[in-house]
Amino acid sequence: MLLTGVFGPYATDDEFGSRAIKPMELYHSQVTRTQEAFSVRMFHRSWGLMLIHANIHAPCTLLDFPTLDRFIEEIRTKTYDVIGISAIMPNVTKVQKMCELIRQHQPKAAIVIGGHVSNIRQLEQRIDADYIVKGEGVRWMRRFLGEDVDAPIRHPRIISGIGGRTMGVPLSEKPGDVAATLIPSVGCPMGCNFCATSAMFGGKGNFVHFYETGDALFKVMCELEDAMKVRSFFVMDENFLLHKKRALRLLDLMIEHNKSWSLYIFSSANTLRTYTMEQIVGLGISWVWMGLEGKNSKYDKLKGSNTHALISTLQSHGVRVLGSTIIGLEEHTPANIDEAIDYAVSHDTEFHQFMLYSASPGTPLHEQLRADGSLLQHPEYLDADLHGQFKFNYKHPHIKDGQETEYLLRAFNRDFEVNGPSALRMARTILQGWRRYKNHPDNRIRERFRWEARDLAVTYAAALWAPRKWFRSNPRVSARASRVLKDICGEFGLKARLVAALGGRYAYFMLCREDRRLRNGWTYEPPTFYEKNEAAEAVSAAAG
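A short tour of the structure in this document, coming up.

About the cut-offs
- Residues numbered from 1 in each chain as written.
- Predicted model: local features only at pLDDT ≥ 70, side-chain atom pairs only at ≥ 80, totals over all residues.
- Heavy atoms only, no water.
- Buried < 20%, exposed > 50% of the residue type's maximum accessible area, 1.4 Å probe, protein only.
- Helix = DSSP H or I, 4+ residues; strand = E, 2+ residues; numbered from the N terminus.
- Pairing = 2+ DSSP bridges.
- Right-handed = clockwise from strand over helix to strand, strands pointing away.
- Phe/Tyr/Trp six-rings, centres within 6.5 Å; stacked < 30°, edge-to-face > 60°.
- Salt bridge = Lys/Arg side-chain N within 4 Å of Asp/Glu carboxyl O.
- Arc of directions from axis to C-beta.
- Contact = heavy atoms within 4.5 Å.
- Polar contact = N/O pair within 3.5 Å; in protein donor to acceptor, adjacent residues only side chain to side chain.
- Core = buried A, V, L, I, M, F, W, Y, C linked by side-chain atoms within 4.5 Å.
- Axes fitted to C-alpha atoms, helices over the stretch in contact; angles between N-to-C directions.
- Parallel < 35°, antiparallel > 145°, perpendicular 65-115°, else oblique.
- Nonpolar A, V, L, I, M, F, W, Y, C, P; charged D, E, K, R; others polar.

1. A few points about the pairing of strand S4 (residues 82–86)
- Counting buried residues along S4, four of its five residues qualify, which places the element largely inside the surrounding structure.
- Sheet analysis places S4 next to strand S5 (residues 110–114), joined by five bridges and oriented parallel. Looking across to S5, one finds that Ser86 is bridged to Gly114.
- A crossover connection joins S4 to the parallel S5 through helix H4 (residues 92–105); in handedness this β-α-β unit is right-handed.

Set out below in structure tokens:
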């Protein structure tokens, strides 16, 4: 069996649906998009494919981020009974091309398609595949292969980010410096009308737990800690804290076994409000991705929440926040769009994602707009542009003629101009946490904040000297960088001052070099990964 993602290159405009504005980089494509050389650059593996790969007994090879030539080479030189392709909706043309190539080179192979692309209406009429899988793939694949559907889920060892860099400087990938990805559940029971992830796993009220209890989750985390030498976890669960019994049991076990882990999670504002700050800090919640959506949002997950106060409180305890805002809600107009953007920017989160209000196939919003005739049809709208960073795929009641494209960029630019680079904001909040908890009576808490603050006196001191100079034409951001750097030097003394003076010049040199490269058209592409499970390795060994 072969499992594969779609072929690259990705950060380019081509006939297969790649888009230069939507590279295979989550942060740069939709969070730090206009932060230029300050943008956070990294790649994330195809976690869903890795999960399936680790949980079937049949011989299975995983080909992640192949080029087109590498994919063709694989299906020309190896024989497979089953070939599975996972993709998001903008890559449907690539899926179509890959199916054609499989039929040409492996006509006997069964083709299985999964991922978000499976939500496209009448997809079976557009691609030549044998099976289109909607929803969770491990159990489907086990059933398809005649294996035990209810066997325990074996968690793959996944480094959360690869090839990380910012300001032209590579981020450390030493054991312990990068988080492990942890996947407790899939789906989101909140069921927002625009959410493709919720729709993919059954919509409002539905989700799939791989690890139902805190004990099961703690065991997996200990295994990953031991095998990967990590102490932080990127928790890929759409609303991790919503399963409160599991989370509080995990907290009990972390206390009992003296675990100073850091957790990076997704959570709705109202779910966070059901926990005390002591519980949040005790769980090691260091980073939260939170939907802000828009001013006066009608979504249940925000009802009654003062998001400004909540975020300010979290930051005062060292918790970094990635706020997510929608541009183009039904009530947005050219007259009020700046107010909506300013409202988002005023939260001063460490990161801010801006996305267009998009009607992804399979969502309630898509069905509503299809029913009232508002959806655009081909060739007015291309599938490759269904990624929330370019234009609407429907007729907006107030925003016309592609205005949304400029509004989206305006939001990113406003956030960057007002609040500065995300690295600066990160340093500010980490320092707040360190100051608050460095003398905490619980050694487990002290140790976690000591570890999170380990780079303040060196890496951040040098990194903050550079934007102080870079933003000379933006006094607000320059002054902010100077203020945070002064606070760091006041906290860590001579060491931080020396590093800022010497290392800062190196950081500025690297920043300028990265800026020149990007302006000259430099792009980043992920490496190709080729991995076999134990059964596939045994087959290869037997074949000599």
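Anyway, onward from the coordinates.
2. So, the packing of aromatic side chains
- Counted according to the given criterion, the structure contains 26 aromatic pairs.
- For the ring pair Phe7 and Phe16, a centre distance of 5.1 Å and an interplane angle of 85° mean the geometry is edge-to-face. Grouping residues by exposure puts Phe7 and Phe16 together as buried.
- Where Phe234 meets Phe266, the ring centres are 5.8 Å apart and the plane angle is 90°; that geometry is what we call edge-to-face. Of this pair, Phe234 sits in strand S12 (residues 232–235) while Phe266 sits in strand S13 (residues 262–266), and the two are 32 residues apart along the sequence.
- Given a relative accessible area of 8%, Phe234 falls into the buried group.
- Ring-pair connections join several aromatic residues into one group, and the members of that group are Trp47, Phe234, Tyr264, Phe266, Trp287 and Trp289.

3. Details of the pattern of salt bridges
- A complete count under the given rule lists 33 salt bridges for this structure.
- For Asp177, the salt bridge identified is with Arg454, shortest N-O distance 3.7 Å. A residue pair is termed long-range when its members are at least 10 positions apart, and Asp177 in the loop between strand S8 (169–170) and strand S9 (180–182) and Arg454 in the loop between helix H16 (443–452) and helix H17 (456–470) qualify at 277 residues.
- Taking the relative accessible area as the measure of exposure, Asp177 reaches 29% and is therefore partly exposed.
- Connected through salt bridges with shared partners, the residues Asp338, Asp342, Glu406, Arg410 and Arg414 form a single ionic network.

4. Some points on helix H11 (residues 307–316)
- Every buried residue of H11 is accounted for by Thr307, Leu310, Ile311, Leu314 and Gln315. Seen along its axis, H11 keeps its buried residues to an arc of 130°; they face one direction.
- Against the buried residues of H11 lie helix H9 (269–272), helix H10 (277–282), strand S14 (285–293), strand S15 (320–327), helix H12 (337–345) and helix H15 (422–437).
- A distance of 3.2 Å separates the backbone nitrogen of His308 from a side-chain oxygen at the start of H11, and that oxygen is part of Asn306.
- Just beyond H11, the residue with positive phi is Gly318, at close to 85°.

5. Section: unusual backbone geometry
- Put simply, Gly8 and Pro9 share a cis peptide bond, and its omega is 5°.
- With respect to the element layout, Pro9 can be found in the loop between strand S1 (2–5) and helix H1 (26–30).
- Omega for the peptide link from His378 to Pro379 comes to 5°, which places this bond in the cis form.
- Among the structural elements, Pro379 can be located in the loop between helix H13 (364–371) and helix H14 (403–419).
- A positive phi angle, close to 50°, is found at Glu36, a residue other than glycine.

6. So, the side chain of Thr4
- Note that Thr4 resides in strand S1.
- If we skip the residues at most four places from it in the chain, Thr4 touches Leu49, Leu63, Pro66, Phe71, Gly84, Ile85, Ser86 and Met98.

7. A look at the environment of Gly187
- Within the secondary structure layout, Gly187 lies in the loop between strand S10 (185–186) and helix H6 (196–200).
- Gly187 gets classed as buried once you look at its relative accessible area, which sits at 4%.
- The sequence separation of Gly187 and Phe351 amounts to 164 residues, and the corresponding C-alpha distance is 23 Å.

8. Quick word on the nonpolar core
- Ranked by size, the top nonpolar core spans 111 residues in total, and within it Phe233, Leu250, Leu263, Leu283, Met290, Leu314 and Ile488 carry the most contacts.
- The contact partners of Leu314, leaving out residues within four places of it in the chain, are Leu272, Met277, Ile280, Met290, Val319 and Val321.
- Formed by 36 residues, the second largest nonpolar core is a distinct cluster that contains Tyr80, Ile85, Ile127 and Ile162.

9. A few points about the packing of H14 against helix H18 (residues 475–492)
- At their nearest, the axes of H14 and H18 sit 7 Å apart, and the two run at 50° to each other. Comparing the axis directions of H14 and H18 gives the class oblique. Here H14 contributes Phe416, Glu417, Val418 and Asn419 to the contact with H18, which in turn contributes Arg476, Val477 and Arg480.
- Per-class residue counts for the contact of H14 with H18 are three nonpolar, one polar and three charged.

10. Overview of the sheet that holds strand S6 (residues 131–132)
- Within the open sheet, the six strands sit side by side as S6-S5-S4-S1-S3-S17. Their pairing is mixed. Lying at the two open borders of the sheet, with one neighbouring strand each, are S6 and strand S17 (529–532).
- As defined by bridge partners, S1 adjoins S4 across four bridges and the pair is classed as parallel. Residue Thr4 lies in a different strand from S4, and its bridge partner there is Ile85.

11. Focus on helix H5 (residues 137–145)
- When we look at burial in H5, the residues that qualify are Gly137, Val138, Met141 and Arg142. The arc that holds the buried residues of H5, viewed along the axis, is 130°, so those residues lie on one side.
- Packing partners of the buried residues in H5 comprise helix H2 (47–53) and S5.
- Capping of H5 at its N-terminal end is provided by Glu136; its side-chain oxygen lies 2.4 Å from the backbone amide nitrogen of Val138.
- Phi turns positive one or two residues past the end of H5, at Gly146, with a value near 75°.

Remember that the coordinates give geometry; whether it matters functionally is a separate question.
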